[in-house]
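# Structural overview
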Amino acid sequence: MGELGRTLHAWRDRVTPADVGLPAGGKRRAPGLRREELALLAGLSVDYIVRLEQGRSDSPSAQVLTALARALRLTDAERNHLFVLAGEVEPSPGRISTYIPPGVQRIVDQLDGAPLCVCDAAWTIISWNPMFAALAGDPSPLRGRQRNIVYRHFLSAGDRFEQTPEQRRDFRVAMVTDLRASLARYPNDTDLRALIEELRAAPEFVEIWDQPVVGFHRSERKTVHHPDAGTFAIDCDVLAVPGSDLRMVVYTAAPNSEAAGKLRLLSVIGLQELTR
């Protein structure tokens, strides 16, 4: 086991299932995460985690390292050390970061009564809780652009949420406004530029992008068409994370409402999926 493998193993041992919102799941030889649990949290295969820890995989990508740092709840300094051990250049301030501070990740782990996800400055989903997966569909199998909310809205399959024409227009203008702001802040981010170029294949995107319009996210009520829980209305809020470009999308329901009952049902569904 090389230095990278030893360090990953040590960091895995110090994170308990409770730290990341996972059930303890029977007897454990050590209090830390199992390889299977780390693989689940990072969106990687168990075999790849094993190869990394045993020193049989030499060059993990920056995306893999960022996912591991997020799953292991590393500090900024620890994340940078992980990049150094892997022979990668430390994350550049000139590119959009997908790093989630431990405090923000704790919110995702501990706020289990409300579906929520965290997105980066380009609106790519980088973390979520089981309730979000149960409500909106599990992002785990999705790769690349399929995890980007703007891309999916303009160029991919629809989701479970129904919008009125006015909501759709406001949503699109707000998203385009965000992408413009991100491009101004990260003009050298090649992936962001590639995303915008791909989005120009959608006439609806081009129409808004080429106009001097500005929009902002606001609280709104959405109608959900869920395959198990049926159709119901739920409130959606977009929260900015102070000190970063991250956005948190949170779904809530008024107490004792029909939607609150549906969320309780989905919490059971989400737990069943997690423990299978």
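Higher on the page you've got the structure.
Residues numbered from 1 in each chain as written. Predicted model: local features only at pLDDT ≥ 70, side-chain atom pairs only at ≥ 80, totals over all residues. Heavy atoms only, no water.

## Some thoughts on the pattern of salt bridges
When charged atoms on two side chains of opposite charge get close, those side chains can pair. Our working definition: Criterion for a salt bridge: a side-chain nitrogen of Lys or Arg within 4 Å of a carboxyl oxygen of Asp or Glu. Each helix corresponds to a stretch of at least 4 residues labelled H or I by DSSP, and each strand to a stretch of at least 2 residues labelled E; elements are numbered beginning at the N terminus. Between buried and exposed lies partly exposed: a residue is buried under 20% and exposed over 50% of the maximum accessible area for its type, with that area taken using a 1.4 Å probe on protein chains only.
Under the criterion given, the structure shown has 14 salt bridges. For R51, the salt bridge goes to D47, with nearest N and O atoms at 3.0 Å. Linking R51 with D47, this pair stays in helix α3 (residues 46-53), spanning four residues, or about one helical turn. Given a relative accessible area of 24%, R51 falls into the partly exposed group. A relative accessible area of 45% places D47 in the partly exposed class. One connected set of salt bridges, linked through shared partners, spans R12, R35 and E53.

## Some thoughts on the pairing of strand β5 (residues 230-240)
Heads up, the condition is: Should DSSP find at least two bridges between two strands, the strands are regarded as paired.
Pairing of strand β4 (residues 220-226) with β5, which is carried by seven bridges, proceeds in the antiparallel orientation. Pairing of E220 across the sheet is with C236, part of β5. With antiparallel pairing between neighbouring strands as the criterion, β4 and β5 make up a hairpin whose turn holds three residues. Taken together, the six bridges between β5 and strand β6 (residues 247-252) define a ladder with antiparallel strand orientation. Bridge assignment links C236 to a residue of β6, and that residue is Y251. Here β5 folds back onto β6, and the loop between the two strands holds six residues, one of which, G243, carries a positive phi near 80°.

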